[in-house]
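# Remarks on the overall topology
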Amino acid sequence: MNVNLENQVDTKIIDEIITKHKGKPGELLTVMEEVQEANDYKYLDEASMGYISSKSKVPLSQIYSVATFYSFFNLKPQGKHTIIVCRGTACHTKGSKILLDDLTTLPGCKDAFDAGETSFTTDDKLITIKTVACFGQCALAPVVAVDGVIYSNVTSEQIKKLLENLQEENKDENIRLS
Amino acid sequence: MRKKIKISINGESVEVEKGTSILDAAKQTGVIIPTLCYHKDLCIAGNCRVCVVEIVGQKRLAPACATPCEDGMDVLTNSFKVRNSRKHIIELLLSEHNTECTSCYKNGGCELQLLASEYKIMNQDFINLVPFHNYTIDMFSPSIIKDDSKCIRCQRCVRTCAELQGVNALTMSYKGDHAKVTTFFEKAMNDVVCTNCGQCVNHCPTGALVEKNYIEEVWNAIADKTKHVVVQTAPAVRVGLGEELGFDPGTRVTGKMVAALKRLGFDAVMDTDFTADLTIMEEGTELLTRLKGALVDKNPTIKLPMATSCSPGWIKYIEHMYPNYLDHLSTCKSPQQMFGALVKTYYAKARNLDPDKIVSVSIMPCTAKKFEANRPEMHDSNYRDIDYVLTTRELAIMIKQAGIDFLKLKDMHFDRLMGESTGAGVIFGATGGVMEAALRTAYEIVTGREVPFDNLNITPVRGIEGVREASIKIENTLKAWSFLEGVELKCAVAHGLVNAKKVMDSIVSGKSHYHFIEFMACPGGCLGGGGQPIPTSPEIRAKRAEAIYAEDEGMPVRKSHLNPEVIKIYKDFLITPLGEKSHHLLHTKYTPRNRF
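Residues numbered from 1 in each chain as written. Chains lettered and ligands numbered in written order. Predicted model: local features only at pLDDT ≥ 70, side-chain atom pairs only at ≥ 80, totals over all residues. Heavy atoms only, no water.

## Regarding the overall build of chain B
Stated precisely, the cut-off is as follows: We count a stretch as a helix when DSSP gives it H or I for four or more residues in a row; a strand needs E for two or more, and each element gets its number in order from the N terminus. Here the globule rule is a power law, 2.2 Å times the number of residues to the power 0.38, and the radius of gyration is based on C-alpha atoms. Residue burial is assigned from relative accessible area. The probe radius is 1.4 Å, only protein chains are included, and a residue is buried under 20% of its type maximum, exposed over 50%, and partly exposed in between.
A tally of helices and strands in chain B yields 19 helices and 18 strands. Compactness check: chain B gives a C-alpha radius of gyration of 25 Å against a globular reference of 25 Å for 596 residues, within 12% of the reference. Principal axes of the C-alpha set define a box for chain B whose edges measure 80 × 60 × 50 Å. Counting all 596 residues of chain B, 60% fall into the buried class.

## Here's the deal with the overall build of chain A
Note the threshold: Two residues qualify as a contact provided that any one of their heavy atoms is within 4.5 Å of a heavy atom in the partner residue. Only the protein chains shown count as cover for residues, and all accessible areas are computed by the Shrake-Rupley method using a 1.4 Å probe. His is not counted, nor are the chain ends; Lys and Arg add positive charge and Asp and Glu add negative charge. A charge is said to be at NZ when it belongs to Lys, at CZ for Arg, at CG for Asp and at CD for Glu.
Looking only at helices and strands, chain A has eight helices and five strands in total. Each helix (α) and strand (β) of chain A, taken in turn from the N terminus, gives the series α-α-α-α-β-α-α-α-β-β-β-β-α. For chain A, buried positions account for 44% of its 178 residues. Within chain A, residue pairs in contact and separated by at least 24 positions form 60% of the contacts whose partners lie at least 6 positions apart. Surface summary for chain A: the accessible area is close to 9700 Å², and the carbon and sulfur share equals 51%. Of note, chain A has its 19 positive side-chain charges centred 5 Å away from the centre of its 25 negative side-chain charges.

## Describing empty space enclosed by the protein
Residue and element names in this part refer to chain B. Note the threshold: Cavity means a closed set of points on a 1 Å grid over the protein atoms alone, one where a 1.4 Å probe fits but cannot get out, pocket means an open set with protein on both sides within 12 Å along at least 5 of 7 lines, and lining means a residue has an atom within 4 Å of a point. Grid points are joined across faces, edges and corners, and a volume is the space filled by probe spheres set on the points. Residues are sorted three ways: Asp, Glu, Lys and Arg are charged, Ala, Val, Leu, Ile, Met, Phe, Trp, Tyr, Cys and Pro are nonpolar, and all the rest, Gly among them, are polar.
Inspection of every chain in the model, using the stated rule, returns seven cavities of 30 Å³ or more. In this structure, the largest cavity occupies an estimated 260 Å³ of space. Secondary-structure elements contributing two or more residues to the lining of the largest cavity are α9 (272-296), α10 (312-321), α11 (335-350) and α12 (368-373). Considered class by class, the residues forming the lining of the largest cavity number 18 nonpolar, eight polar and one charged.

## Some details on the pattern of salt bridges
What counts here: In what follows, salt bridge is the name for a side-chain nitrogen of Lys or Arg lying within 4 Å of a carboxyl oxygen of Asp or Glu.
Under the defined criterion, the tally for this structure stands at 42 salt bridges over all chains. Measuring nitrogen to oxygen at the nearest pair gives 3.0 Å for the salt bridge that ties Glu117 of chain A to Lys76 of chain A. With Glu117 of chain A in the loop between α7 (109-114) and β2 (119-121) and Lys76 of chain A in the loop between α4 (60-69) and β1 (81-86), the pair connects residues that are 41 residues apart, well separated along the chain. When the shortest N-O distance is used, the salt bridge between Glu436 of chain B and Arg462 of chain B registers 2.7 Å. In this pair, Glu436 of chain B sits in helix α15 (residues 433-447) while Arg462 of chain B sits in the loop between α15 and β16 (467-473), placing the two residues 26 residues apart along the sequence. Sharing partners across several salt bridges, the network here consists of Glu436, Arg440, Arg462, Asp552 and Arg558 of chain B.

## Focus on the sheet that holds β16 of chain B
Residue and element names in this part refer to chain B. What counts is decided by this rule: By the convention used here, strands pair only if DSSP detects at least 2 bridges between them. Only C-alpha atoms enter the line fits that serve as axes; for helices the fit covers just the stretch in contact. Angles between N-to-C directions range over 0 to 180 degrees.
Strands sit in the order β13-β18-β17-β16 across an open sheet of four strands; the sheet is mixed. Of all strands in the sheet, those with a lone pairing partner are β13 (306-307) and β16, marking the two edges. Relative to strand β18 (residues 516-520), strand β17 (residues 488-495) runs parallel, the two being bridged by five bridges. Bridged to Ala494 within β18 is Phe519. Its contacts with the sheet put α15 on β16, β17 and β18, and the angle it makes with β18 is roughly 150°.

## Here we look at the pairing of strand β3 (residues 52-55) of chain B
Residues and elements named next belong to chain B. Residues Val52 and Glu54 of β3 are buried on one face, and the alternating residues Val53 and Ile55, pointing to the opposite face, are buried as well. The sheet contact formed by β3 and strand β4 (residues 62-63) spans two bridges and is antiparallel. Directly across from Val53, in β4, lies its bridge partner Ala62. Linking two consecutive strands that pair antiparallel, namely β3 and β4, is a turn of six residues; a positive phi of about 100° is found at Gly57 within it.

## Some remarks on the domain arrangement of chain B
Reports often express the size of an interface as the amount of accessible area lost when the parts come together. All names here are of chain B. Put simply, the rule reads: Domain limits in this description derive from either an automatic procedure or a database domain assignment. Accessible surface is computed with a 1.4 Å probe, and the buried area is the amount of it that two parts give up when combined, taken over both parts together.
Each domain of chain B was delimited in the assignment, giving domain 1 (4-78), domain 2 (93-211), domain 3 (227-274 + 336-408) and domain 4 (280-333 + 421-533 + 547-586). Averaged C-alpha coordinates put domain 2 and domain 4 at centres separated by 37 Å. Listed as interface residues are 15 residues of domain 2 and, on the opposing side, 16 residues of domain 4. With both sides pooled, the region where domain 2 packs onto domain 4 buries about 1100 Å², and carbon together with sulfur makes up 52% of that total. Broken down residue by residue, the surface that domain 2 buries against domain 4 is led by Gln165, Thr195 and Asn202, which jointly contribute 37%. Our count for the domain 2 to domain 4 interface comes out at zero salt bridges.

## What to know about the packing of α11 of chain B against helix α18 (residues 564-574) of chain B
All names here are of chain B. To keep it simple, the criterion reads: Orientation labels follow simple angle bins: below 35 degrees gives roughly parallel, above 145 gives roughly antiparallel, 65 to 115 gives roughly perpendicular, and whatever is left gives oblique. Two helices cross in a left-handed way if the nearer one is turned anticlockwise from the farther one by less than a right angle. They cross in a right-handed way if the turn is clockwise.
The contact between α11 and α18 brings their axes to 12 Å, and the two run at 65°. Between α11 and α18, the crossing angle belongs to the class labelled roughly perpendicular. For α11 against α18, the interelement crossing comes out left-handed. In this structure, α11 uses Leu342, Thr345 and Tyr346 to contact α18, whose residues at the interface are Lys568, Ile569, Phe573 and Leu574.

## Focus on the layout of surface pockets
Residue and element names in this part refer to chain B. By volume, the second largest pocket amounts to about 1200 Å³. Taken together, 41 residues form the lining of the second largest pocket, with Gly109, Glu111, Leu114, Ile534 and Pro535 sitting closest to its centre. Within the residue set of the lining of the second largest pocket, elements represented by two or more residues are α1 (22-28), α3 (111-118), α5 (199-203), β10 (209-211) and α13 (392-401). Looking at which element gives the most residues to the lining of the second largest pocket, the answer is α3, with six residues. Here the residues of the lining of the second largest pocket are counted per class, giving 19 nonpolar, twelve polar and ten charged.

## Let's talk about the confidence of the model for chain A
All names here are of chain A. So the rule is basically this: The pLDDT value tells you how sure the predictor is about a given residue, anywhere from 0 up to 100.
Residues at a pLDDT of 70 or more form 92% of chain A, whose mean pLDDT is 87. By mean pLDDT, α7 is the weakest element of chain A at 86, and α4 is the strongest at 95. When the criterion is pLDDT under 50, residues 1-5 qualifies, and its contacts beyond four places in sequence or with other chains add up to eleven contacts.

## Considering the interface of chain A and chain B
Our working rule: Here a polar contact is taken to be a pair of N or O atoms separated by no more than 3.5 Å, where protein atoms must pair a possible hydrogen donor with a possible acceptor and residues adjacent in sequence count only if both atoms sit in side chains.
Listed by partner, the interface residues are 15 residues for chain A and 16 residues for chain B. At the boundary of chain A with chain B, total buried surface from both sides reaches about 1400 Å², with 60% on carbon and sulfur atoms. Put simply, chain A and chain B have one salt bridge between them. Close ionic contact of Glu46 of chain A with Lys187 of chain B constitutes a salt bridge, the shortest N to O distance being 2.8 Å. Run the count over chain A and chain B and you get seven residue pairs in polar contact (both at pLDDT 80 or more). Mapped by element, the contributors of at least two residues to the side of chain A that touches chain B are α3 (46-56) and α4 of chain A. Looking at the side of chain A that touches chain B, the element that brings in the most residues is α4 of chain A, giving seven residues. Of the residues that constitute the side of chain A that touches chain B, the class distribution is eight nonpolar, six polar and one charged.

## As for the packing of helix α8 (residues 254-264) of chain B against α13 of chain B
All names here are of chain B. Two elements in contact, α8 and α13, have axes separated by 10 Å at closest approach and are oriented at 60°. Accordingly, the angle class assigned to the pair α8 and α13 is oblique. With respect to the hand of their crossing, α8 and α13 are arranged in left-handed fashion. When α8 is examined against α13, the residues Met257, Ala260, Leu261 and Leu264 are found in contact with a partner set consisting of Leu395, Met398 and Ile399. Class assignment of the residues belonging to the contact of α8 with α13 gives a composition of seven nonpolar, no polar and no charged.

## Remarks on the nonpolar core
Residue and element names in this part refer to chain B. Put simply, the test is: Take the buried residues of types Ala, Val, Leu, Ile, Met, Phe, Trp, Tyr and Cys, join any two whose side-chain atoms come within 4.5 Å, and each joined set is a nonpolar core.
Grouped together as the largest cluster of nonpolar side chains are 41 residues, with contacts concentrated most on Leu170, Leu209, Trp314, Leu329 and Phe519. At the level of secondary structure, the elements contributing two or more residues to this core comprise α4 (156-164), α5, α10, β17, α16 (497-508) and β18. Structurally, this core is a two-domain feature, drawing no fewer than three residues from each of domain 2 (93-211) and domain 4 (280-333 + 421-533 + 547-586). Ignoring sequence-local partners within four residues, the contact set of Leu209 consists of Ile144, Ile145, Lys146, Cys157, Leu170, Met189, Cys200, Val201 and Cys204. Membership of the second largest hydrophobic core comes to 40 residues, among which are Ala424, Val426, Ala470 and Ala547.

## Remarks on α15 of chain B
All names here are of chain B. As a reminder, the rule being used: Helix span is expected to be 1.5 Å times the residue number reduced by one.
With 15 residues, α15 ought to run about 21 Å at 1.5 Å a step, and its terminal C-alpha atoms sit 21 Å apart, in line with that. Most of α15 is tucked away, with 14 of its 15 residues classed as buried. Positive backbone phi, approximately 80°, marks Gly448, located one or two places after α15.

What follows is the structure, given as C-alpha cells:
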C-alpha cells in the first residue's frame, strides 16, 4: 500500500462540497465532514483546512477549534479499518480496559495510549484503534465498533478474532461472533 | 433614556438602568465583586465563575458579570454561601495553574495571585493537576511568550484576538478538561497569523501570555563600558509610564522619564518623536508624489489610497491578510526603525563614534516593535538598526530595580541631535495623530497656509470611533502644486485591527475612494498598545489621549517641517525627502505572508 502522508483533498472537490452546502445552516460542519470523507485517509489535513478557511472566510484557528471539539473529526491519517472501543462507565465495569489492552499489543499502540492519545494508527495505515466516551449502548456492554458495525458483549477472545480478521488478506466481511 | 429599576445589593437599595449587570450595579454602590474573565474591552464570557453572587430566592449562585439586574432583585455579594463558593472556585483555578509565583514574570501583577492573596488561600484542598498535563511554553516569537501551564482558560486573549483585532490567531481547542488556548494546529505563535500586537498580553490576567523581555540584555549593555548605549522613547510611553510608577492615568511624565533614563545609565537619551517628525517629511512627500503620479500622470502602477506604515502590528496584519495590497503601504519605515538606521550612521558620524560600539535601545508601548526590530531587512545601517526593544512596562521594571524614586525626579530634557520634537511628533501616540501631523505639514507645503482648523487641532480625525473619515478641500495652492487645486483630499483613520479590516474590505470591494489612510493595530493607537501598563480600559485610553493632546498644545513648535533638528538633518545629511540617502535608510519593503 502506498502511504502518502502529504495526502490532501483536491481543491476542486472541496469547491464542489462548499458550493453544494452554501447558505445552509451548519454549513461548516457538513463541509468539514465531507472533506474528511473525501480524503483517502479520512482525516482533515492542514492544507484542506486552509483551503476551507480561505473559501468560507471562517478563520483557520476556528476551523481547528471545531475539528478538535468533535471527536468525529480526525487530524491524523486514519487506517483502512477502525476499531472503536467504548471506555464509558458501563463498558469499563464490564471489562473494556481488557479489550483495549488486547488491541494495544499492536506495535507502538500502548505507548500512544499511555501518552494520553485517544487514537492510534498502525504504520502501514491498515488499522486505527480509537476510544470513545460512550456509544449509548450500555445494556450491551462492553461494546466495540469495527468499521461502523457494533459488536456487543465482546470478550477478549472475540476482539482478538476481530483484529486478526482485519489483518487477513481475504477478510470475512460478514464475520459473526458467537 | 432607559427604564430605571430598583434592586437591593447587600441590603442597600440602588436604582439602575434596565439591562445593567449586577457587577456594574454593585460598582455603583461601592461594592467590588472580583472578576477574572471579565474585561471592559470584551464581550461577556461568564466562564471563570469568580464573580458569583447570591440572589435571594434562587437556589443557584449567579455570575454577576453575566446576569442583568431585575426589578426587586435582592443580591448578596458577601454571604457565607458566596464566600465559600468563591474560595472554592479560586482553589479549583489554582489547582490547574502552575503556581510557581516567585519565578513568574507576572509576579505581583497577576490577577489570580491577587485573588489568592485576598482570599488567603493557604492550604490547597484540591489535587494539583499541573504535573498531570503536558504543557508547552512557546518562546519562538521575538515578542510574546505563551505558557499554557499558567492559563486559566478565561479566554480573554481569544476574545481580544477575535473581537478587538479580528486576527483570530488564538482559539479554544479541544473540550472539557482538555480545553486549551491554541493557535491553528498548535503551531508556534511566530508561525501563524499573530501580528505580535500584544493585546492578548495586555488582557491576560495571569502569566500565560507575557512579553519576551530584554531587561537583562539592556542592563548588560549599560554595564559594558566599551558600548555607547542610546535610547529612544516613543510618544505614547510618556503618557503611560506614570501609571506603572504611582501616577494616575493620563499623567505626562516626559521630563521625569528622561531623568530616569539618564540615571539608569544610558549614554544618550533621545526621542522617537524626532523620527516621527521625519516620517511626516518622508511620508508627506511620498503622499504628494503619489497624488501627482495617480492624478496627473495617471500612472497605473501608483496605488492610492496610501496607507501609513508606522504600526508594525498593522504591517504584519496586511502582509498576512491582504498580501495583494502591499503596494498601498507607504514605503516609510516606522519612526523606531528610522531612528535605528540613523543612530548608527548620522548620529555615529556626528558624535565620532564607531557604530559597532553603539547599542541602540528603544522604549515602546508595543510588543510588535520587538518583532519589527528583528526583521531581516532592518539592517540598513550595516548593523542591526535597533538592538533591543523594551515595552513601557519593562522600562518601569528597570526604574524600580534601579531604586529610582520616580515621583521625586526633576524634569530633564532629551539630548540633542535626535531629541528635538514637535507637537506633531507627539500625537503619533494617539489614533488619528499621524494623519493630523501629516495634514498639518502637507497642507502647508501645498498651499503655503496653515490647515484651516482652529489652533491646528484637526478634530475630525481625533476621537474613539473605530473608523473616522475626514476630507480637506485644497484651494489656492502654491504654483508648484497647482495640479492639486480643488482636489478634495479624502482621509480615513482606523484603529484596532478589526476596524482596519472594515476599511480594507471596503477598499477591496471598490466602495471606498480615499487618498490617505492611517492604520493603527491597537485600540486607541499606540497609547493603547500591547506594551502599555496593565490594565488598559476605554477610560484609561481616553485619559492617555487627553494627555497626548495636552502635550501637543504645550509644544512651542507643532508642525513637523519646522522641527529644527529635522531641518538640520536634511541640510547636513539626508539632503531631501525621498532622496537617495532617505531611500536607503528610511524606506523599506514588505513581505507577503500566508494566512495560517
